[in-house]
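Secondary and tertiary structure notes
The chain contents come next:
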Amino acid sequence: MNKALRKAVIAGNWKMNKNRQEAATLIGELKEKVAGAGCDVVICVPYTNLETALSNTNGSNIKVGAENCHWAKSGAFTGEVSADMLAEMGVQYVIIGHSERRQYFGETDVTVQQRVRAALDAGLTVILCVGEMLEQREQGVTSELVAMQTKIALGGVSEEEMARIIIAYEPVWAIGTGRTATAEQANEVCKLIRDTIASLYSQKVADATTIQYGGSMNAGNAADLLAQPDVDGGLIGGASLKAPDFAAIVEAASK
Ligand SMILES: O=C(CO)COP(=O)(O)O
């Protein structure tokens, strides 16, 4: 309905992939292919590739993000990286609350909320991930769960700050499995997230918020998913590691 109010955002999540040479090669290929994109293009890369990504995308329309950040500004947190450190480098985006962080690294809704706060304070744009596990979908609790994840993560986020929040609906059962949610399933939950934002803020804020789908999105299914009224973009894992595949999704979002 109000899709025209929002800019589509296609973001790649490289996860723990690509050494520096591979990163430079991929970005080189991608830059040419997405130069005329009619949507925002972001690549979220491992910390070790941030410098390469920032220098190699300089002057292009590709923006750079990290895959996580800590909630503290600095301190005794071995192995962690703060939002301020990312912002100082020139990083503009950060993924927070990815299901792999929740599943394998003990991330909770509370720590997700704290990381969102730190990222916003540092001036970053957040790609906040929410989504249900297969058992939760089978138990019929998807709506309650996703609404709760969204509400807790946005606790303390002001209406003005919502302009720097992107939400990615990523059903855990669709991530890296080749099993994509149907366009209708994706839209249903993206709409639920939008309604949750409307209840927390206003319909105007909800209509202006970009909500992505993520989970086995590829060149073949992107157009169908992105045509849905409440799906404003994609968070892409596997298909973001190959320039032609990622570029094809960017093209689908540009129409
Ligand atoms: O987790 C994802 C993006 O954050 C999705 O990964 P895949 O596209 O590989 O399923």
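Note that the structure is predicted; figures quoted are calculated from it, not measured.

Definitions and cut-offs
- Residues numbered from 1 in each chain as written.
- Predicted model: local features only at pLDDT ≥ 70, side-chain atom pairs only at ≥ 80, totals over all residues.
- Helix = DSSP H or I, 4+ residues; strand = E, 2+ residues; numbered from the N terminus.
- Contact = placed C-beta atoms within 7 Å.
- Near = placed C-beta within 6 Å.
- Nonpolar A, V, L, I, M, F, W, Y, C, P; charged D, E, K, R; others polar.
- Axes fitted to C-alpha atoms, helices over the stretch in contact; angles between N-to-C directions.
- Parallel < 35°, antiparallel > 145°, perpendicular 65-115°, else oblique.
- Left-handed = near helix turned anticlockwise from the far one by under 90°.
- Expected span 1.5 Å × (residues − 1).
- Buried ≥ 20, exposed ≤ 12 C-beta atoms within 10 Å, placed from the backbone.
- UniProt positions renumbered as here; feature names shortened; annotations may be inferred.

Some remarks on the environment of A66
Looking at the secondary structure, you find A66 in strand β3 (residues 62–66). Along the sequence, A66 and V81 sit 15 residues apart, while their C-alpha atoms lie 9.9 Å from each other. Excluding its chain neighbours within four sequence positions, the residues that come into contact with A66 are C44, Y47, L50, L86, V91 and V94.

As for the site of the ligand
Taken together, 14 residues form the shell around the ligand, and within it N13, G214, S216, G237 and G238 come nearest. The residue makeup of the shell around the ligand, split by class, is five nonpolar, eight polar and one charged.

Here's the deal with the packing of helix α1 (residues 20–33) against helix α11 (residues 243–254)
Close contact between α1 and α11 brings their axes to 9 Å; oriented N to C, the two are set at 30°. Considering the angle they form, α1 stands roughly parallel to α11. Crossing of α1 over α11 shows right-handed handedness. Between α1 and α11, the residues in contact are L26, E29, L30 and K33 and A243, F246 and A247, respectively.

So, helix α5 (residues 109–121)
With 13 residues, α5 ought to run about 18 Å at 1.5 Å a step, and its terminal C-alpha atoms sit 18 Å apart, in line with that. Of all the positions in α5, only V112, Q113, R115, V116, A118, A119 and L120 are classed as buried. Backbone geometry just downstream of α5 places G123 in the positive-phi region, at approximately 90°.

Focus: the packing of α5 against helix α7 (residues 142–153)
Between α5 and α7, the shortest axis-to-axis distance is 8 Å and the interhelical angle comes to 40°. When the axis of α5 is compared with that of α7, the two are oblique. When α5 is examined against α7, the residues D109, V112, Q113 and V116 are found in contact with a partner set consisting of Q149, I152 and A153. In terms of residue class, the contact of α5 with α7 is built from four nonpolar, two polar and one charged.

Brief notes about the environment of Q114
By secondary structure assignment, the location of Q114 is in helix α5. For Q114, a count of 18 C-beta atoms within 10 Å gives the class partly exposed. The sequence separation of Q114 and I96 amounts to 18 residues, and the corresponding C-alpha distance is 10.0 Å.

Let's talk about the UniProt feature "active site" (unreviewed entry) in the protein
Look at the UniProt record and you will see "active site" (unreviewed entry) annotated at H98 and E170. Of the residues just listed, which span 73 residues, no C-alpha pair is farther apart than 8.3 Å, and they cluster in one region. Assessed through the 28 C-beta atoms surrounding it within 10 Å, H98 is described here as buried. One can find E170 in the loop between β6 (165–169) and α8 (183–200). Judged by the 29 C-beta atoms lying within 10 Å of it, E170 is buried. Excluding residues that lie within four positions of it along the chain, E170 makes contacts with S99, C129, G131, I175, G214, G215 and L235.

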